[in-house]
Amino acid sequence: MAEPLLRVDNLVRRFGGIVATDHVCLDVSKGEIHAIIGPNGAGKTTLISQLTGHLAPHAGRIFLGGRDISHFPAYKRSALGLARSFQITSLLTDFTAADNVALAAQAHDGKHSFRFFANARKEKSLRDAAQAALARVGLGHRADVPVAKLSHGEQRELELAVALATKPQLLLLDEPMAGLGVTESQRMVKLLAELRQEVSIVLVEHDMEAVFALADRISVLVYGRIIASGKPDEIRQNEEVKRAYLGDQHVVVGHG
Amino acid sequence: MKSQLNVSSVVAALVVAGLVLLPVYSNLSGNIFILTLFTRIVILALSAVSLNLIMGYGGMMSFGHAAYLGIGGYAVGILAQEGIGSGWAQFAVAIAVSALYALVIGALSLRTRGVYFIMITLAFAQMAYYVASGLSRYGGDDGLTVYKRSDFGGLINLGNRVQFYYLCLFCLLAVVVLVWRIVNSRFGLVLQGLRSNEQRMQAIGFPSKRYKLACFVIAGMLCGLSGALLANNTDFVSPAVMYWTRSGDLMVMVILGGMGTLLGPVVGAVAFLVLEEVLSQITEYWAIIMGPLLLLVVLFGRGGIMGMLGRLNRG
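Scope of this entry: the structure provided in the associated data block. (Residues numbered from 1 in each chain as written. Chains lettered and ligands numbered in written order. Predicted model: local features only at pLDDT ≥ 70, side-chain atom pairs only at ≥ 80, totals over all residues.)

Re the interface of chain A and chain B
Then, in step 1: Contact with chain A, which involves 29 residues of that partner, is made by 21 residues of chain B.
Then, in step 2: Counting residues per element, the ones that place at least two in the side of chain A that touches chain B are helix 2 (74–79) and helix 3 (97–107) of chain A.
Then, in step 3: Ranked by residue count, the leading element in the side of chain A that touches chain B is helix 3 of chain A, at five residues.
Then, in step 4: Among the residues making up the side of chain A that touches chain B, the classes are represented as 14 nonpolar, ten polar and five charged. (Contact = placed C-beta atoms within 7 Å. Helix = DSSP H or I, 4+ residues; strand = E, 2+ residues; numbered from the N terminus. Nonpolar A, V, L, I, M, F, W, Y, C, P; charged D, E, K, R; others polar.)

Printed below as a string of structure tokens:
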């Protein structure tokens, strides 16, 4: 079998006595949407942070395209095609939407940024790339709006545009639906469904409807351990999962 | 970019125009003192502009910026004493040593953040202060008199008040233009991104530390230049220019004028130093009036003077 795009091998991370990531193994193939679900505090964001390089694992390894990236700093992982959207929107609020995306394009256009004189906002290639990514998420008309003036839903879409502008192979999305209204959620689901043609996605999400609509495979994380991993139907039938997590949410899963 | 003609731009333009025309006024009125005062103001404004690059645009609260004033000053003083009078050599050494100091201090300090960063930059500057105090060959605690100002051949005579003033003003305006270009460049956008959210910038692919370090070094070099000018202005350099209260003064100028605005530090330096001068003529205890005034600006004038003017504009 071909090497998966992302392979996580026995990852461990502790905080004091708590094992937040407990020997997690995970594969994500090219073109796959792999959802990670689990109750609050299950260690989902901790896991994502280790994948992006913001948190060092205590044991285990992470491979991207067969390459061991376990000890790479965040910026190098970004250069290799790993992109992340943040759970709590963390855009550069002083800047416009276009500035935010253009900076991401700037990090990836092959030129370094030790350029001190030319006005970066007038670099056509960067602005074009930004505009394209904004249009991709439906924010083309909001390019010049400062981030602080965007609605919450628009900020979530902008998060995605920023990630896309880094030309990723793998997107790590940390609760992209958080705080979105029904219509906005539907738009986001549609957008992610379109994106699966271009990029593999690891999706951490509480919105079960979205997860079961999008995911090719689902892994269930409870107390830092993956207790089940499989196709949506298998997860839905899994007794342990029902007990540990889905039990509270019969209704949601029922029509998922 | 539409609202170029707002209140704060007008005030900034007036301040710059005033600075350009000051020698004319000084000459007509015969008031030489004001030229001396403003030479000092222009030089310290240059330091404030350089500090603003780290603090305002880079989001790094350096509390040791006065160290570069001392480094620049001692470069001039020590070389002059050792018989090297060339301004080119003196200024080149002032800037180069400042860069080196910034590189080392920055590489160490940037491992920390927040309060620790403030404390470590402060500690290094105090270390520089004590090193200078220990230079017994160059006056130690008492400081070092610069008997001959930097010699730029026939190009410009630093002994001439007006020429020296215009040299300082030229340096200030050149540095303001430089900072303006930097702020809007690729480098500048990365820098402001880091101020806003460093983790995000790493996630989108920027190795953050090297950009911050480069900024730290650039600012240090610019302040080293102003240190060299300051030693020429006072014909004297002593450890006192590096003392932590001097670093504090520079921070106050930046905050008072408006952090992260291009001309805020210039306006802040003029306001702070003129106020200090005026108040100290009224009473010996001028700090009692100055303190509360600054407090008011910080508490109620978010964004400093430039910020308040900006709000006037929006009504």
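Concerning the sheet that holds strand 3 (residues 33–37) of chain A
All names here are of chain A.
Then, in step 1: Read across the sheet, six strands follow the order 6-7-8-3-9-10 without closing on themselves; strand pairing throughout is mixed. Each having just a single partner strand, strand 6 (82–85) and strand 10 (225–230) make up the two edges of the open sheet. Each strand of the sheet is rotated relative to its neighbour by a mean of 15°, with strand direction disregarded.
Then, in step 2: Pairing between strand 3 and strand 8 (residues 200–204): four bridges, direction parallel. Bridge pairing in strand 8 places Ala35 opposite Leu203.
Then, in step 3: Contacting strand 3, strand 6, strand 7 (170–174), strand 8 and strand 9 (217–222), helix 1 (residues 44–52) runs over the sheet at an angle of about 150° to strand 7. (Pairing = 2+ DSSP bridges. Axes fitted to C-alpha atoms, helices over the stretch in contact; angles between N-to-C directions.)

Some points on the sheet that holds strand 2 (residues 18–28) of chain A
Residues and elements named next belong to chain A.
Then, in step 1: Across the sheet, which stays open at both edges, the four strands sit in the order 2-1-4-5 with antiparallel pairing between neighbours. Because the sheet does not close on itself, it has two edges, and the strands there are strand 2 and strand 5 (67–68).
Then, in step 2: Bridge count for strand 1 (residues 6–15) against strand 4 (residues 59–64) is five bridges, and the pairing is antiparallel. Across the sheet, the residue bridging to Leu6 is Leu64, located in strand 4.

Section: unusual backbone geometry
Then, in step 1: Here Tyr223(A), not a glycine, exhibits a phi torsion of approximately 45°, which is positive.
Then, in step 2: Inspection of the secondary structure puts Tyr223(A) in the loop between strand 9 and strand 10.
Then, in step 3: Classification of Tyr223(A) as partly exposed rests on a count of 15 C-beta atoms within 10 Å.
Then, in step 4: The backbone of Asp235(B) sits at a positive phi, close to 55°, despite the residue not being glycine.
Then, in step 5: Mapped onto the elements of the fold, Asp235(B) is located in the loop between helix 9 (208–234) and strand 2 (236–237).
Then, in step 6: Owing to 15 C-beta atoms within 10 Å, Asp235(B) belongs among the partly exposed residues under this scheme. (Buried ≥ 20, exposed ≤ 12 C-beta atoms within 10 Å, placed from the backbone.)

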